[in-house]
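Descriptive structure summary
The residues making up each chain are set out below.
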Amino acid sequence: MSPAATPIERFAGNVLAYLARYEGANANALARNLDAGIEAVDAGSTWLPVTVNHGEAGNAWVCSPRSTYIDYAAEEARRLLPAAIGRPLAGLCGQLARLADACALDRAVALNNWCLSTNLYPPLASLDIDRAIDQARQRWPQHALWLRSLNRHDNGDWLDALQARGFVLIASRQVWLYPDLDAAARLPNMRADARLLQRQDLHWCDNAAIRAEDAPRIAQLYAQLYLGKYSRWNPDYRPQMIADWHRDGLLRLEGWRDDAGQLQCIAGMFGTEHHVSTPIVGYDTAAPARLALYRTLTATSYRQARLSQRHLNLSAGAARFKRLRGGQAAIEYSAVWAPPQARRTRALLHALGLLTRRLGEPLMRHYRL
């Protein structure tokens, strides 16, 4: 890709690399707990990758509205909220699960879905969103359409455009954004974390020094954190996916090795021209807390975002930690549309929209989740 390439050309280059490897395949090639077709729709200046679900059970949340808004939500309610609130909410999720199955909520096509925790979007004005939506409706007339990872700060134009086209907004989680890392770098916690980048007990490993044979260790470290510590509804990425994405330039990997050359922590960054996220984060969770492996990883991500002059989206979780380092909270939404004949699905989506915006959003803001 030419250094003078436009943002949409850079995004399109990533799409082509992704589709060259996965179009027509099953998302199980990326993660063990995914079962969805990988296809693409034409958006004019680029293609958009999509996942196609026909109601398969047990999918990780990145491919499943049911797992996102019911199964994972029930876990989070029990884990993060006071029992007096969390238990009733988890019970409500149990009731919604039966409705979701009856309404075929997981018969869904997710547009611009990379099977990552945070999907990043190209500039709306640079593509033909109507062409992409119309094509998806024609190809999968019985399916709901789903676009997730949208927040007002970064994607306000997308949210407005999708609402104008009949999509319902469903609040999903609170994410942490860093639009001004130069200002955040002056905060005491950020300065303390930056000093970890000079540590001598571990050795920084740049993207070029990550090898294909590191992929199993990277997948192991990620799984220790995201599946072992957090939730089984997170994607269980395969080592081959990590190796392939790194080789294709879709993931920038930076880690820290011990004296024996073993990776102790890893950050995998995925980006567009103006934004970057870190969907692959992992460290040895059995290591002593004094090693500050998570702080070292986040400092690594901050440094790369500043060097590339991009806004950083650090996704959800560890809210207090991210807030103390200058993170700005933003509610993330999914925009969902169901065909007119799917009356029960449409009714459930509207109910989820009201429930998440009127109850979920205030709880996320109040408890700073």
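Here the residue numbers are simple positions, counted from 1 along each chain's written sequence. Whole-chain, interface and lining totals are the exception, using all residues; otherwise, since this is a predicted model, local features are given only for residues with pLDDT of at least 70 and side-chain atom pairs are given and counted only at 80 or more. Here the side-chain values reflect all heavy atoms present in the structure, with hydrogen atoms and water set aside.

1. Brief notes about the nonpolar core
Within soluble globular proteins, side chains that are nonpolar tend to cluster in buried spots. Cut-off, in case you're wondering: Only buried residues count toward a nonpolar core. Its members are Ala, Val, Leu, Ile, Met, Phe, Trp, Tyr and Cys residues joined through side-chain atoms within 4.5 Å. Summary of the burial criterion: residues with accessible area below 20% of their type's maximum are buried, those above 50% are exposed, and those between are partly exposed, where the area comes from a 1.4 Å probe applied to protein chains only.
Judged by nonpolar contacts, the single largest core of 96 residues is most densely connected at Tyr-18, Leu-111, Trp-114, Trp-158 and Trp-245. Core analysis: the second largest hydrophobic core is formed by 20 residues, Val-168, Ile-170, Leu-348 and Leu-349 among them.

2. So, the packing of helix 8 (residues 215-230) against helix 9 (residues 239-247)
Selection rule: Angles run from 0 to 180 degrees between N-to-C directions of axes, and those axes are lines fitted to C-alpha atoms, restricted for helices to the stretch in contact. Numbering of helices and strands runs from the N terminus; a helix is a DSSP stretch of H or I covering at least four residues, while a strand is a stretch of E covering at least two. The crossing is said to be left-handed when, going from far helix to near helix, the turn is anticlockwise and less than a right angle, and right-handed when the turn is clockwise. We call two residues in contact when some of their heavy atoms are within 4.5 Å. Ten residue types, Ala, Val, Leu, Ile, Met, Phe, Trp, Tyr, Cys and Pro, are classed as nonpolar, four, Asp, Glu, Lys and Arg, as charged, and the remainder, Gly among them, as polar.
For the pair helix 8 and helix 9, interaxial distance at closest approach is 8 Å and the crossing angle is 115°. As for the relative orientation of helix 8 and helix 9, their crossing is right-handed in sense. Where helix 8 abuts helix 9, its residues Ala-215, Pro-216, Ile-218 and Ala-219 lie against Pro-239, Ile-242 and Ala-243. Partitioned by chemical class, the residues of the contact of helix 8 with helix 9 number seven nonpolar, no polar and no charged.

3. Brief notes about the side chain of Glu-332
The test is simple: Pairs of N or O atoms within 3.5 Å make up the polar contacts considered here, provided that, within protein, one atom can donate a hydrogen while the other can accept it, and that residues adjacent in sequence are counted only when both atoms are side-chain atoms.
Summarising the element assignment, Glu-332 is placed in strand 11 (residues 328-337). On the basis of relative accessibility, which here comes to 2%, the residue Glu-332 falls in the buried class. Looking at Glu-332, its side chain comes within polar contact range of the side chain of Arg-173, at 2.7 Å. The contacts of Glu-332, once residues within four sequence positions are left out, are Ser-149, Leu-150, Asn-151, Ile-170, Ala-171, Ser-172, Arg-173 and Val-175.

4. A look at the packing of aromatic side chains
Which entries qualify depends on this criterion: Centres within 6.5 Å are what make two rings of Phe, Tyr or Trp a pair, Trp counting through its six-membered ring; a difference in plane orientation under 30 degrees is then read as stacked, over 60 as edge-to-face, and the rest as tilted.
Considering all chains together, one arrives at 14 aromatic pairs under this definition. The interplanar angle of 55° and the centroid separation of 5.0 Å between the aromatic rings of Tyr-18 and Trp-114 together place this pair among those described as tilted. Of the two residues, Tyr-18 is situated in helix 1 (residues 7-22) and Trp-114 in the loop between strand 3 (108-111) and helix 4 (129-139); the sequence distance between them amounts to 96 residues. The residues Tyr-18 and Trp-114 share a single accessibility class, namely buried. Taken together, the aromatic side chains of Phe-11, Tyr-18, Tyr-22, Trp-114, Trp-245 and Phe-270 make up a single cluster linked through ring pairs.

5. Regarding the pairing of strand 3
Quick reminder of the rule: When DSSP finds two or more bridges between two strands, those strands count as paired. Classification remark: right-handed applies to a crossover when, strands pointing away from the viewer, the course from the first strand over the helix to the second runs clockwise.
Alternating residues of strand 3 divide into Ala-108 and Ala-110 and Val-109 and Leu-111, and every residue in both groups is buried. Of the strand pairs in this sheet, strand 2 (residues 47-52) and strand 3 are connected by three bridges, and their pairing is antiparallel. Looking at strand 3, one finds that Val-52 is bridged to Val-109. Chirality of the crossover, the property in question, places the unit of strand 3, helix 4 and strand 4 (residues 144-151) among those that are right-handed.

6. Focus: the state of the cysteines
A covalent bond bridging the sulfur atoms of two cysteines is what the word disulfide describes. The line we're drawing: Sulfur atoms of two cysteines make up a disulfide when they are within 2.5 Å.
If you walk through the whole model with that rule in mind, you get zero disulfides. Of the cysteine sulfurs around Cys-115, a residue in no disulfide, the closest is that of Cys-63, at 3.8 Å. For Cys-115, a relative accessible area of 0% translates into the label buried. The closest cysteine sulfur to the non-disulfide-bonded Cys-265 is located on Cys-205, 10 Å from its own sulfur.

7. Some points on the layout of surface pockets
Inclusion rule: Using protein atoms alone on a 1 Å grid, points that fit a 1.4 Å probe yet trap it form a cavity, whereas open point sets bounded by protein on both sides within 12 Å along at least five of seven lines form a pocket; residues with an atom within 4 Å of a point count as lining. Grid points are joined across faces, edges and corners, and a volume is the space filled by probe spheres set on the points.
Roughly 380 Å³ of volume is contained in the second largest pocket. Lining the second largest pocket are 16 residues, and of these Asn-14, Gly-249, Gly-271, Thr-272 and Arg-310 lie nearest its centre. Breaking the lining of the second largest pocket down by element, the ones donating at least two residues are helix 1 and strand 8 (263-271). When residues of the lining of the second largest pocket are assigned to their parent elements, the largest contribution, three residues, is made by strand 8. A class-by-class count of the residues in the lining of the second largest pocket yields six nonpolar, six polar and four charged.

8. Structural notes on the pairing of strand 4
Within strand 4, eight of the eight residues are buried, leaving the element largely enclosed by the surrounding structure. As paired strands, strand 3 and strand 4 are joined by three bridges and run parallel to one another. Within strand 4, the residue paired with Ala-108 across the bridge is Ala-144. Taken together, the five bridges between strand 4 and strand 11 define a ladder with antiparallel strand orientation. Each bridged residue has a counterpart across the sheet, and for Trp-146 the counterpart in strand 11 is Val-336.

9. A closer look at the sheet that holds strand 8
One open sheet holds the eleven strands; their spatial order is 1-2-3-4-11-5-10-9-8-7-6, and the pairing between them is mixed. The two strands at the open ends of the sheet, each matched to only one other strand, are strand 1 (37-42) and strand 6 (203-205). Each neighbouring strand pair of the sheet contributes to a mean axis angle of 30°, computed without reference to strand direction. Across three bridges, strand 9 (residues 275-283) lies against strand 10 (residues 311-313) in parallel orientation. Across the sheet, Val-276 pairs through a bridge with Leu-312, a residue of strand 10.

10. Digging into the environment of Gly-261
Note that Gly-261 resides in the loop between strand 7 (252-257) and strand 8. The class of Gly-261 is partly exposed, set by a relative accessible area of 30%.

11. Here we look at the side chain of Glu-361
Its location among the elements puts Glu-361 in helix 12 (residues 343-366). Using a relative accessible area of 11% as the deciding quantity, one classes Glu-361 as buried. Within the structure, Glu-361 has its side chain in polar contact with the side chain of Tyr-333 (distance 2.9 Å).

12. Some details on the environment of Ser-301
As for its placement among the helices and strands, Ser-301 is situated in helix 10 (residues 293-308). In this structure, the C-alpha to C-alpha distance between Ser-301 and Leu-253, residues 48 residues apart in sequence, is 9.9 Å.

13. Thoughts on unusual backbone geometry
In this structure, Asn-112 takes a positive phi of about 55° despite not being glycine. Tracing the sequence through the fold places Asn-112 in the loop between strand 3 and helix 4. Judged by its relative accessible area of 0%, Asn-112 falls in the buried class.

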